[in-house]
Structure formats: C-alpha cells, structure tokens
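# Notes for the structure review
This is what each chain is made of:
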Amino acid sequence: MDISDFYDTFFEEAEELLADMERLLLDLDVDDPDIEDLNAIFRAAHSIKGGAGTFGFTVLQETTHLLENLLDHTRRGELNLRRDIVDTFLETKDMLHDQLDAYRNGNEPDADAFERICRVLQQMALEELGQGQAVEAATPAAPEPEPEPEAVDSAPSAESNSQRLAITFVGVGDKDRGLLVEELQHFGQVIAQAGDNERYRIELESAESRDDIEAVLCFIIEPEQLVIEPISAPAVIAETTTSSEPASSGSGGAGDVPPPAATGTAPGTSQADSPKAEPATREKGKSKPAAKPAKGAESSTIRVPVDKVDQIINLVGELIITQSMLEQTASDMDIVSHGPLVNGMNLLQRNARDLQESVMSIRMMPMDYVFSRFPRLVRDLAAKLGKDVELVTEGKSTELDKSLIERIIDPLTHLVRNSLDHGLESPEKRQAAGKSPTGRLTLSAQHQGGNILIEVIDDGAGLNREKILAKAKSNGLAVTDTMSDDDVWQLIFAPGFSTAEQVSDVSGRGVGMDVVKRNIQEMGGHVEILSQPGQGTTTRIVLPLTLAILDGMSIRCGGETFILPLNAVLESLQPQIEDIYSMAGDDQLLKVRDEYLPIITLHQALDVAGAKTEVTEAIAVIVQGEGRRYALMVDDLIGQQQVVVKNLETNYRKVPGISAATILGDGSVALILDIADLHRLDRRKSQQRHEEKRNYLQEVSPA
Amino acid sequence: MTTQASAATTVNDAASSEYLVFSLGEEEYAVDILKVQEIRGYENVTRIANVPDFIKGVTNLRGVIVPIIDLRLKFNLAKVEYGGQTVVIVVNVAERIVGIVVDGVSDVMSLTPDQIKPAPEFGVTLSSDYLNGIGSLDDRMLVLVDIEKLLTHNEMQLIEHTAEHA
C-alpha cells in the first residue's frame, strides 16, 4: 500500500486537531490558563507535526515545530500568556490550515507566509523567553525548509538529561513492532528490547515525556496495547541485544516511510529545557488519564462518504414506497382468512418506519458544527470594530440535515457580521444609552414542529425605520411612509441595499442580505426580522428539518392528486359566498377572520380539467409561503402522509409552481406544490387572461 | 461507450452500427441502440401543467422521475392514439433519462455506412440538424434520428437552458 493512501486520513485528522486547537485557544483564560488545556493544545500541535513529518509535508511540519516549542514553554509556565500571544497562536493556526489546504490540493504552501510566520514565532520566542537558547531552538528549523536532518541526531543528544522508560507492547505483531521500535529511536536510545508477540518490553532512554511518546505510538497501535512506566533505577542493565539494528531491519513496510523527523525534540530545546525537564514530566504524567478516554472515543466513529449515506436513504425511501404499495393491496384482503399476512404487514410498516428514522438520523448533524466557528469570528471582528461583544449560543445540540447545515453557514456568517457591524453599538454609545457596555449577541437554534428555528439576536440599536425608507426611496424602490414595520424590514433584503454610512470591509457593500434571503429560500426556508429601536434586532431563519422526506397533505383537484407541504398548511375551510370579495380584474380575496387573503385557484393555475369551478363548492386551504398567506382552492383533502421527495430536475427541469415530485403508494407520481411560486404563476396567468380579453375587446371595437 | 459500440458490431461489418427501429404513424424511424435503456408500456403518466403539449408528463421508473414526451405530437403527426401497442422507449441522453412515446417498435437493424445517405434539407417540423441521415434498406426508408441532439435542443424545453434565466 502506498503511503499516499493515508493522506486523506491525515488531512481529516489534522483538520479536526486544528479545530480543537482553535476551540481550546479561544476558551483559554489568559490570566489563569488550565494546564490540561495547554497540554491538549500542545498535543494537537505535536500530533500534526508528527503526521506532517511522516508524510514529508516539510513546511507544515516546521511551522508546527515552532508553535510546539512555544506551546511547550507555555505549559511549563516559562512563557506568560497574553492576549496578543494567543492571537499569534490563532494566526499560526490559520496559517497551518492554509498550509494543510495547499498540501491537500497538491500545491506547495505559500513560502512568503511561511517565512513571515516563522519570523513572528521566533521573535516571540526571543522576546518572551529572553533566552538565547530559544532562538537556537527555532533557527535550525526555519530557514531551510528542505531537509530535516536535525531530528535524526536528537537521540544521542538527549542522553544527558533523559529518563528511562519501560515500554511494554501487549499483543503487537512483528511488523507493527518494527515500526514502533523505529519510531521510538527518534525519541531517544533504545537500550534493550525483548519479548514475543504477547508482551514485548523495550527500555528507552529519552528526554521526551511518556505522554508524548504515547501520543505518537498511538498512531500505530491502540492505547490499550501500550504500557509505559518509568524505571526509577537508572542502573538497569540491558538484558539482550543492545543495538537497535535488528528491529529496524525487521519490518518490510517501515522502509517506505520517510523518517518522521522531528517527532522527537530538536536538539536545541532538549538542552535548553534540561533544568526544568523533571517537574514538567511529572506534570505531564498527571495529565495522562485525561488524554486516554479521548483517544478511546475516536474508534467509536466511522467515516463514510456522503454519497453512500444518500444511497441508503434513497433505498429506504424506495422501501417505504413499496411497503405502502403492499399495504394498500393487503388492506383490501379479508382479515380473517389472511390474519398472518395483515399482522406481517403491520410489523413491516413499523420496522420500515424505524429504519427510515434511523437512516435519516445519520444525516443529521448538531448545530454546534455551525456555531463553533463563530466565537473566533466574533472575537476578531469585535476587536477590529472596537466593540465589546459577548457571544451566547443556545441549542447547540439541535440537529439539522447535513446538506442544510453546510449551506446555512454562509448566510449565518453574514447575519452575524451585520449584527456586529450595524446592530451593536460602540461601548461609549451603549453606555450613553444606559446599556451595559458589553454587547450581547445570541445565536440560538431550536425545533419547532417540522422546522428548525435559527435566530441571530443582538441587543443593539435596532433597525432605523427612517433611514431604511430614505434609502429605499433613493434606490427607487416603491415605498410609502405608512408601510408596516415588517414590510420596511423586508426592504433590507432588496438587492444592493445598505444603510451603512461607511462601507467597511466587514459589511456595508450592500451585497449580502439579498443573497442571504435567496440562499435560505433555496433551502426551502424563509427569513423574518423583528426589531425594536434601542432594544436590538432578531433575525429569524426558519428551515425545514430535512430535504429528503416531507410531511405532506395530499389534495385532489379534478382527477389529479397533489401534495402540499404540511408546514405550509395552516387550516382548511369551506368558503361562504359572502366572504369572497372581487378586486379589479378577476382577482379574488377570501376574508378569513378579518384578514383578506388572495385566492389561488389551483385548477386555473395548473389547468386541471374537471375540477370544481364554483368557489363555494371547493375547499379553501389556508397556506403560507415566503411569509405570506394565501387561500388555495382545491376540490378535496385526501389526508396526511410522509412522502419521499424526488427531484424533478434530475431528468427534467424546474416546473413553475412545483417544487419537486414524489411517488404515491400506487406507484404513480404526484407533484409537490410550491406555494409562493404557485402564486406567481397564478398572477402571471390571470394577467395573460386579462390581456387576451383586452386585445379581444380592442379587436371587436376598433376605435 | 465506444468500446461497447465496437463489441456490439464485431459480428457484422466492422463499420456498421445498430439501430432500434420504431414507427410513428406510417413512417419508420430509428435511433442508435446504444442510447436506448429499455422499452416499456405507456402507463401512469402524471400530467404537468403549463408545458408544451408534446411533454406528456412524468412517470415513475423504479423510483426515478422520468419525463415522457410524445414524438408524434412533436412531429405533428395526425394519428395520435394510445392503445395496447403504444410503447415508451426509454433513452439515456446527456446524463438524463427520457421516455419517448412511439406507435410501436419493430426491430433492430444493422446499417453499414453505405446504407446511410445524408439527410436532405427538411421541412420545418423535423430539422435535418436532428438527423444522422436516411437509412435505406431494400425498399424501406428509415429516418435516423439523432436523439441526443433532438432532446437536448432548446425547442424541446426538456432541459433548463441558462440563457432563459438571465
């Protein structure tokens, strides 16, 4: 097997480690850092460095090396954390991410950026530690990114200040053992090794802590297979072979692996650290139990390509359809003579639904996936804008379909930027308004029926009605001063709309809110804005839970069956003739509890033959789409059912008024209606009818 | 695709290719057999509103929603009846699956290049752009339809063309 086969695993792991690192850095209390957290950050950097070395990603390896050195000093308490130091660490993390991306795409990372970050880190080491050795530690790695010979001779140099460790492998085969021993030689000197596959004991003299050794070895074997104990008496004499030769030659696979250079310490650091090596090791020894369960958790997940999951979901959808087809057939049978069959059908139904639910849950991801990227963004932005902001997230564990969760990130980022830039005021202004100088930005997610509700709430100045109206007028939008607040707020979703007095690089270019709205509509959701002057603004995004399955209401019109998304249906009623009002042209309104709703006649919009044409004979379904309500006239309601959404565009194209299709129990196709689009279609058609009538009248009476 | 094509024709003249012959009214047409996925009966088609009349609707082909078009309507043929003989040829073009309604399928023919004559400049309904040529076999004349070109053409309104949106 080629080593490049492991690249993807490394990239994904490194990405997770970087995300962890960022999270920990952000949570870090600068004045009183938690030693466990510092250790965890160090371990993350160390693991990335190890992997990068193994795969020969030199630039990545050296950048992490510098970072790791600084982190090492930090966790030993030799370097006092400050906010700007954490900022530099975060910047380095971003750089590592860029480098990782570059390697992933098969490119070499940006050399200038690399040099710059190296200089910054070296400078920091020099200033903060005030010791010559720190520079010494950094310099050999930085200037030449090509070879990495320094780590190879780290083993002998470590001898003076090192400790002895007894490492026991439990149930490790020959091949892995060869790799492990080779790996260990980078840490220090292997003094003795003996044993069999069951138990294999190695004595190692090394300056590295056993925690670090364990972290690296666990790339190859499970943590349970490894026991590391310090040997207190340094006088233990080697039992058998002292040389490390046989081990390295023993394994076949090990030969392909480039020497994972710098997995151990660079010579500089180990010497520099010598006086303090002892206490630090003890400290690390304490943190060991905490590290262990985390590693055990890794093996309880499994990485699966999304298309495989989608295929399963599709197949389960088919199964559900087949099951309801069978059910329809079975329901016509005599229950007495076919008892077992009917029972079996019931069982099948239950199992199929359970299966469907479990399969759908695979695609679900917690909102934390989205929310976790905001602390950083808010922190950076608030600093840039000179604002004091506290970020609160609620409902992190709320789950949402993966495809939606990925598409919600950009709109949400935009809304958060907007809130920070326009919504929240500067500390001075806030104090003047009698508010706490620290602004509060809340991100929340919660389930509501078949929808998920995501809110971005700020306690800032709120939207300025006058400003928006003035801007809308100057943009040539049709507005009046008497418009309702809700309508005014909707104006900010118009393309090219921005009330920011100054265009900053944060927001205010007027591209965005319209894109936000469009993106969310494409996901089948909508956006609402609630705002109180001086109290703040709430932007609410309502999204369906999943796109693959829909709770539908089937309706009949003429001889045809259509599906209405259940979350669009509010109620249904039998209209009375006195509640129907005509407007200019042939537009009609239905009065429902003091509200006048535009009527959409389904058979007119979709040219259905044989439908009930008399309004009072039909049933009015009150539906909402894109935040507006309509009365949809249909012949009959059939019932509620779950339907599997099938894309029409796969083999055909977008059809006006229709969002997708589904397959009914009898195997026929039913179309799923798109309320807002249906209304547009209806308007277009009635306009057409109107023009035809006018043209006809003009022809009849030549003026 | 090309390897399949060569494998299918090794029995015959190396250069010949196979066509599925179908009838529309009195005329005989043929399409490249490699584009044909399957042949099935005409049933259970759900109408779609506000589309040209030759698009009959969509049907369920083992869980996949497939549009059905009636070439007889597209070609302005007089006799358009749906009966037991009416079949749907399911073709695979431009990574899409489309069903086309025809009066019947007769057979599969091998045509050598010299049996295929260039298509003459045609009338309005069937532009020669959509034709591979005219196949002549004894006294039969087969209109060789380039089904891919025909179905992906703007006029068929089967595929969303980006220009429509701009």
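This write-up is about the structure you can find in this document. Remember, it's a predicted structure, so these values are computed and weren't measured experimentally.

## Brief notes about the overall build of chain B
Within chain B, the regular secondary structure consists of 4 helices and 11 strands. Out of the 166 residues in chain B, the part that is buried amounts to 45%. Long-range pairs, those at least 24 residues apart, make up 51% of the contacts in chain B with a sequence separation of at least 6. Roughly 8300 Å² of accessible area belongs to chain B as shown, and the carbon and sulfur atoms make up 50% of that amount.

## A short note on the pairing of strand 10 (residues 526-532) of chain A
Residues and elements named next belong to chain A. Bridge analysis of strand 10 against strand 11 (residues 536-544) gives 7 bridges, and the strand direction is antiparallel. Its bridge partner lying in strand 11, Val527 is registered against Ile541. Counting the residues in the hairpin turn of strand 10 and strand 11 gives 3 residues, including Gly534, whose phi is positive at 80 degrees.

## Considering the environment of Gly460 of chain A
All names here are of chain A. Its location among the elements puts Gly460 in the loop between strand 9 (451-458) and helix 19 (465-474). According to the relative accessible area criterion, Gly460 is buried, its value standing at 0%. When the C-alpha atoms of Gly460 and Pro533 are compared, they prove to be 8.6 Å apart, with 73 residues separating the residues in sequence. Not counting residues up to four positions away in its chain, the partners in contact with Gly460 are Gly423, Leu424, Glu425, Arg430, Lys435, Gly534, Gln535 and Gly536.

## Notes on helix 3 (residues 58-75) of chain A
Residues and elements named next belong to chain A. Here helix 3 contains 18 residues, and its C-alpha end-to-end distance of 25 Å stays within 8% of the 26 Å for a straight helix at 1.5 Å per residue. With 18 of 18 residues buried, helix 3 is to be regarded as a mostly interior element. Once helix 3 ends, the next one or two residues include Gly77, with phi positive near 80 degrees.

## Re the interface of chain B and chain A
Taken together, the contact pairs 25 residues of chain B with 25 residues of chain A. Between chain B and chain A, the buried area comes to about 2100 Å², and carbon and sulfur atoms account for 50% of it. Inspection of the chain B/chain A interface yields 1 salt bridge. In this structure, the salt-bridge partner of Glu560 of chain A is Arg47 of chain B, at a minimum N-O distance of 2.7 Å. Joining chain B to chain A, the criterion identifies 10 residue pairs in polar contact (both at pLDDT 80 or more).

## Description of a negative patch on the surface
Residues Asp29, Asp31, Asp32 and Asp34 of chain A make up a contiguous surface patch of negative charge. Position of Asp34 of chain A among the secondary structure elements: in the loop between helix 1 (7-27) and helix 2 (35-55).

## Here we look at a nonpolar patch on the surface
Residue and element names in this part refer to chain A. A cluster of nonpolar side chains, Tyr696, Leu697 and Val700, forms an exposed patch at the surface whose accessible area comes to about 340 Å². Following the sequence through the fold, Tyr696 ends up in helix 23 (residues 675-700). Overall, the relative accessible area of 55% leaves Tyr696 in the exposed class.

## Some words on the sheet that holds strand 3 (residues 199-206) of chain A
All names here are of chain A. Judged by pairing direction, the sheet is antiparallel, and its 4 strands sit side by side in the order 2-3-1-4 without closing on themselves. The strands lining the two open edges of the sheet, one partner per strand, are strand 2 (188-195) and strand 4 (226-230). Between one strand axis and the next, the sheet turns through 20 degrees on average, direction left out of account. Bridge count for strand 2 against strand 3 is 7 bridges, and the pairing is antiparallel. Looking at the pairing, Gln189 lines up with Glu205 of strand 3.

Basis of the calculations
Residues numbered from 1 in each chain as written. Chains lettered and ligands numbered in written order. Predicted model: local features only at pLDDT ≥ 70, side-chain atom pairs only at ≥ 80, totals over all residues. Heavy atoms only, no water. Helix = DSSP H or I, 4+ residues; strand = E, 2+ residues; numbered from the N terminus. Buried < 20%, exposed > 50% of the residue type's maximum accessible area, 1.4 Å probe, protein only. Contact = heavy atoms within 4.5 Å. Areas by Shrake-Rupley, 256 points an atom, 1.4 Å probe, with all protein chains shown as cover. Pairing = 2+ DSSP bridges. Expected span 1.5 Å × (residues − 1). Buried area = accessible area lost by both parts, 1.4 Å probe. Salt bridge = Lys/Arg side-chain N within 4 Å of Asp/Glu carboxyl O. Polar contact = N/O pair within 3.5 Å; in protein donor to acceptor, adjacent residues only side chain to side chain. Patch = residues over 30% accessible without salt bridge, like charges linked within 9 Å, V, L, I, M, F, W, Y side chains within 5 Å. Lys, Arg positive; Asp, Glu negative; His and termini not counted. Charge placed at Lys NZ, Arg CZ, Asp CG, Glu CD. Axes fitted to C-alpha atoms, helices over the stretch in contact; angles between N-to-C directions.

These values are about where atoms sit, not about what they do.
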